[in-house]
Amino acid sequence: MKNLFFLLFILFSRILFSQELLLINTELKTSFRGLSIVDENIAWISGNNGYIGTTINAGSKWHFFQIPGYETLDFRSIYAFDENKAIVANAGSPAFIFITSNGGLTWHNVYTDQRKEIFINGITFFNEKEGIIFGDPVESRMYLLRTLNGGNDWTESPFKERPALLEGEAAFAASGTTIRSYNQNRIIIASGGIVSRLFVSKDKGKSWKVFATPILQGKSSTGIFSFDFADNKTGIIVGGDYALDTLKTNHIFLSKDAGRNWQKPITETGGYRSSVEFIDGITLIATGTSGTDISHDGGNNWRKLSQEGFHVLRKSRTGKLVILAGSEGRIAIFKNE
């Protein structure tokens, strides 16, 4: 294992990013798309070239490593439980799922799928034991894997529990935020491509309701790339066309009725966005390759937070820590002071 302990000389530029995003230079030539933040101090990150990283002090120091023999994988999906235990999955075929229980010192391959159509898009957990991984369609049905023992074993969901997808409908692994779980039982998944919809389950993925969305769709590069809900009713979807990342056409919508109906905000973000997050009940951040935006009124109005764009942003499950990450090994901490 390449154990790279980067005592990162943190270039926290006080004038960069409008004094709200503090940049960390990792010196890694990798594109980060997987991010899981446990609390105020603990976070895990993953990307291509097989890199996985962890911090236990809110991002001031990072420890990066690669899994021996799998240095070429693109780890776009990651879920961390604490400073010791995390699960990662790669995008593409063959698909691998690895788990560590000692902070990344050793990893165990707990699932492999050799089918050429396999492409994992994201992972979420309802609790310490029950989790779901989803991916692009297999036999015209959404690819769903389930664990009941904290990720040590994974089984494919029964065919009847896997939602049927339409021609050209798949999903995106741009940030790992097209799957989220809420309230221990509720799970939402967003599809994208020729057709882009929301799939909502209130019984941990056994049955589903499907909602059409007005997001830009119709091409393989279009659709929902991220969503989030502040409560059972209030939600947001973002996306657009990653091939035209400054295009401001049907790329962001708000809902007040759990996704049944959608409205455009008053002022929009600067184009395609691959990740969005409620920082609190009214504050949101959205980021993509063409920039980063912030809203202080529930998503109705947006202003530019940074010209710099990232692939993914996440808020800690407990606490206020917010991290953004992107290409060229870039990581940033959002400071809300």
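Just so we're clear, the structure is a prediction, and the values are computed from it rather than from any experiment.

Caption draft 1: Up close: the sheet that holds strand 12 (residues 131-138). Strand order in the open sheet formed by four strands is 11-12-13-14, and the pairing between neighbours is antiparallel. The strands lining the two open edges of the sheet, one partner per strand, are strand 11 (120-125) and strand 14 (155-156). As paired elements, strand 12 and strand 13 (residues 141-147) share six bridges and run antiparallel to each other. When the sheet's bridge partners are listed, I132 is paired in strand 13 with R146.

Caption draft 2: Examining unusual backbone geometry more closely. Residues S93 and P94 are joined by a peptide bond in cis, for which omega reads 0 degrees. With respect to the element layout, P94 can be found in the loop between strand 8 (86-89) and strand 9 (95-100). The backbone of E139 sits at a positive phi, close to 55 degrees, despite the residue not being glycine. Mapped onto the elements of the fold, E139 is located in the loop between strand 12 and strand 13. The class for E139 is exposed, based on a relative accessible area of 59%. Unlike most non-glycine residues, N183 shows phi in positive territory, near 55 degrees. Here N183 is to be found in the loop between strand 16 (179-182) and strand 17 (186-190). Assessed through its relative accessible area of 53%, N183 is described here as exposed.

Caption draft 3: Broad picture of the side chain of T124. Its location among the elements puts T124 in strand 11. Judged by relative accessible area, which is 7%, T124 ranks as buried. A distance of 2.8 Å separates polar atoms of two side chains, one belonging to T124 and the other to S181. Among residues more than four places away in sequence, those in contact with T124 are Y79, G131, I132, I179, R180, S181 and I187.

Caption draft 4: Layout of the nonpolar core. Grouped together as the largest cluster of nonpolar side chains are 17 residues, with contacts concentrated most on I87, I97 and W154. Counting residues in hydrophobic clusters, the runner-up holds 16 residues, among them L35, I37, I45 and Y51.

Caption draft 5: How the structure looks around the pairing of strand 13. The buried fraction of strand 13 amounts to six of the seven residues, a majority that puts the element mostly inside the structure. Hairpin geometry of strand 12 and strand 13 is characterised by an intervening segment of two residues between the two adjacent antiparallel strands and by a positive phi of about 55 degrees at E139. Here strand 13 pairs with strand 14 via two bridges, running antiparallel. When the bridges of strand 14 are listed, L145 appears paired with E156.

Cut-offs applied
- Residues numbered from 1 in each chain as written.
- Predicted model: local features only at pLDDT ≥ 70, side-chain atom pairs only at ≥ 80, totals over all residues.
- Heavy atoms only, no water.
- Pairing = 2+ DSSP bridges.
- Helix = DSSP H or I, 4+ residues; strand = E, 2+ residues; numbered from the N terminus.
- Buried < 20%, exposed > 50% of the residue type's maximum accessible area, 1.4 Å probe, protein only.
- Polar contact = N/O pair within 3.5 Å; in protein donor to acceptor, adjacent residues only side chain to side chain.
- Contact = heavy atoms within 4.5 Å.
- Core = buried A, V, L, I, M, F, W, Y, C linked by side-chain atoms within 4.5 Å.

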